[in-house]
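# Structural overview
Chain residues, written in single-letter form:
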Amino acid sequence: MTSAALTATVDLDAIAHNISVLRETSRTDVLAVVKADAYGHGAVPVARAALAAGAAELGVAVIGEGLALRAAGIDAHITTWLHTNSADFAAAIAADLDLALSSRRQLAAVVAAARSAGTTATASVKLDTGLGRSGVAPDEWADFADDLAKAVAEGAVQVRALMCHLARGDEPDHPLNSQQAARLDDARADLVRVGAAPEIMHIANSPAALTRPDLARDLVRPGIAIYGGAPIPGRDFGLIPAMTLRAQVALVKRIAAGQGVSYGHTWVADRDTTIAVIPAGYADGVPRPASGRLRIRIGDRVVDQVGRICMDQFVIDLGPEAGGIAEGDWAELFGTGADGGQRAQDWADAVGTIDYEIVSGIGARAVREYVGAAADRLGLR
Ligand SMILES: *Cc1c(COP(=O)(O)O)cnc(C)c1O
């Protein structure tokens, strides 16, 4: 254990289990998405654990995330798909990152970088098949395909994947999912015709990987499911939440009936009671709009969080008898949901968001710790 009073413990065996569930359910290889520091879990340890558990390759949003994985010695295939005008394509090519491209401008910049390095860049094509976000726009597609064929012919680019991202993957039966896949299949035929055939295709995010194996093509591209989140809230896929957020009680004290608690006194004790101060707040990713709605597991009890959540701390009501809870005890803020504790999904429900936002928003003050046999094998504890 560390001396930190706020910890996000990541169970790498849960990550490995979730990778297995994804491989079995999708009947396809997994490209593990570890963007945003692996949704707050720690990109390097999660990447290592995912690869050790059978993930075939990795994906991140921006080049800097891919370079950080390379700097840590990870040599797996890494795809990166969000680039601005200032993207350092030269560094990405030197680090052998797969650059998924969304426009002719990006392709031209990659070709220029490959030429000046005298090498062939690995590139993928991200097509907008209906998401309406990143990806080559439909009206640019024909010209993009021609540019790509020229880049392939001159040896500046080698085409790895043709990919798209689903707009409604969490509605498995929505017709748009199959339409997006059909548009990608058509685009593949276009690329074959112009002489820029991709080696592989991938489409499916977590919910699609778990419900639509027919969309998978060559790889599935899950993120949240790896972390044991809820790709389709309310549906159980046998995933295990990997992160448990814990904090050490900073203070236990008695307050009298009628005493308000925290800013604005939005909660007032209706009886003499005992409160405990938990050193985690919205700066750590505990959502302020969840004030008064969280349930915290401590000892063998689950108690109410009361009053406003502050930047660094919040308060729990232990009741008239402190129930043996003392300063220095550990409270579980969220985790697997066992023994009445909450999951990140419950926090998301409390504030009307998704668990993606909860886990990726856990701040740097929460010291990441790694547990599980996989953590031992990887030398992470
Ligand atoms: C984030 C992301 C994913 C993973 O999505 P999940 O819903 O977390 O599975 C897959 N593909 C792309 C392009 C992404 O940006």
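Residues numbered from 1 in each chain as written. Predicted model: local features only at pLDDT ≥ 70, side-chain atom pairs only at ≥ 80, totals over all residues. Heavy atoms only, no water.

A word on the packing of aromatic side chains. Inspection of the entire model under this criterion finds 4 aromatic pairs. Look at Tyr39 and Tyr356: their rings are 6.0 Å apart centre to centre, the planes differ by 35 degrees, and that puts the pair in the tilted class. Note that Tyr39 is positioned in helix H2 (residues 35-39) and Tyr356 in helix H11 (residues 355-360), a separation of 317 residues in sequence. (Phe/Tyr/Trp six-rings, centres within 6.5 Å; stacked < 30°, edge-to-face > 60°. Helix = DSSP H or I, 4+ residues; strand = E, 2+ residues; numbered from the N terminus.)

Let us now look at the site of the ligand. Taken together, 14 residues are adjacent to the ligand, and Lys35, Tyr39, Ser206, Gly223 and Tyr356 come closest. Ser206 is positioned with one of its side-chain polar atoms (N or O) 2.5 Å from an oxygen atom of the ligand. In the model, an oxygen atom of the ligand is placed 2.6 Å from a nitrogen or oxygen of the Tyr356 side chain. Contact with the protein chains hides 94% of the accessible area of the ligand, taken as 390 Å² for the molecule alone. Partitioned by chemical class, the residues of the shell around the ligand number 6 nonpolar, 4 polar and 4 charged. (Near = heavy atom within 4 Å. Polar contact = N/O pair within 3.5 Å; in protein donor to acceptor, adjacent residues only side chain to side chain. Areas by Shrake-Rupley, 256 points an atom, 1.4 Å probe, with all protein chains shown as cover. Nonpolar A, V, L, I, M, F, W, Y, C, P; charged D, E, K, R; others polar.)

Moving on: the environment of Leu97. By secondary structure assignment, the location of Leu97 is in the loop between helix H5 (89-94) and strand S5 (98-101). Not counting the four nearest positions on each side in its chain, Leu97 is found in contact with Ile63, Gly66, Leu67, Arg70, Ile78, Thr80, Ala92 and Thr122. (Contact = heavy atoms within 4.5 Å.)

Nonpolar side chains in soluble globular proteins generally cluster together in the buried interior. Counting 119 residues, the largest nonpolar core has Val157 and Leu333 as the members making the most contacts within it. Three or more residues apiece are contributed to this core by two domains, here domain 1 (12-226) and domain 2 (243-342). The residues contacting Leu333, other than those within four sequence positions of it, are Leu245, Arg246, Ala247, Ile278, Ala280, Arg295, Ile296, Phe314, Gln342 and Trp347. Formed by 7 residues, the second largest nonpolar core is a distinct cluster that contains Ile255, Val261, Val277 and Val315. (Core = buried A, V, L, I, M, F, W, Y, C linked by side-chain atoms within 4.5 Å. Buried < 20%, exposed > 50% of the residue type's maximum accessible area, 1.4 Å probe, protein only. Domains from an automatic or database assignment.)

Before going further, it helps to spend a moment on the domain arrangement of the protein chain. The domain boundaries assigned to the protein chain delineate domain 1 (12-226) and domain 2 (243-342). Placing the centre of domain 1 and that of domain 2 at their C-alpha centroids yields a distance of 42 Å.

This brings us to the pairing of strand S6 (residues 121-126). The element S6 is largely enclosed, with a buried count of 6 among its 6 residues. Sheet topology places S5 next to S6; 3 bridges connect them, and they run parallel. Residue pairing for S6: Leu101 is matched across the bridge by Val125. Taken together, S5, helix H6 (residues 104-117) and S6 constitute a β-α-β crossover, and its handedness is right-handed. (Pairing = 2+ DSSP bridges. Right-handed = clockwise from strand over helix to strand, strands pointing away.)

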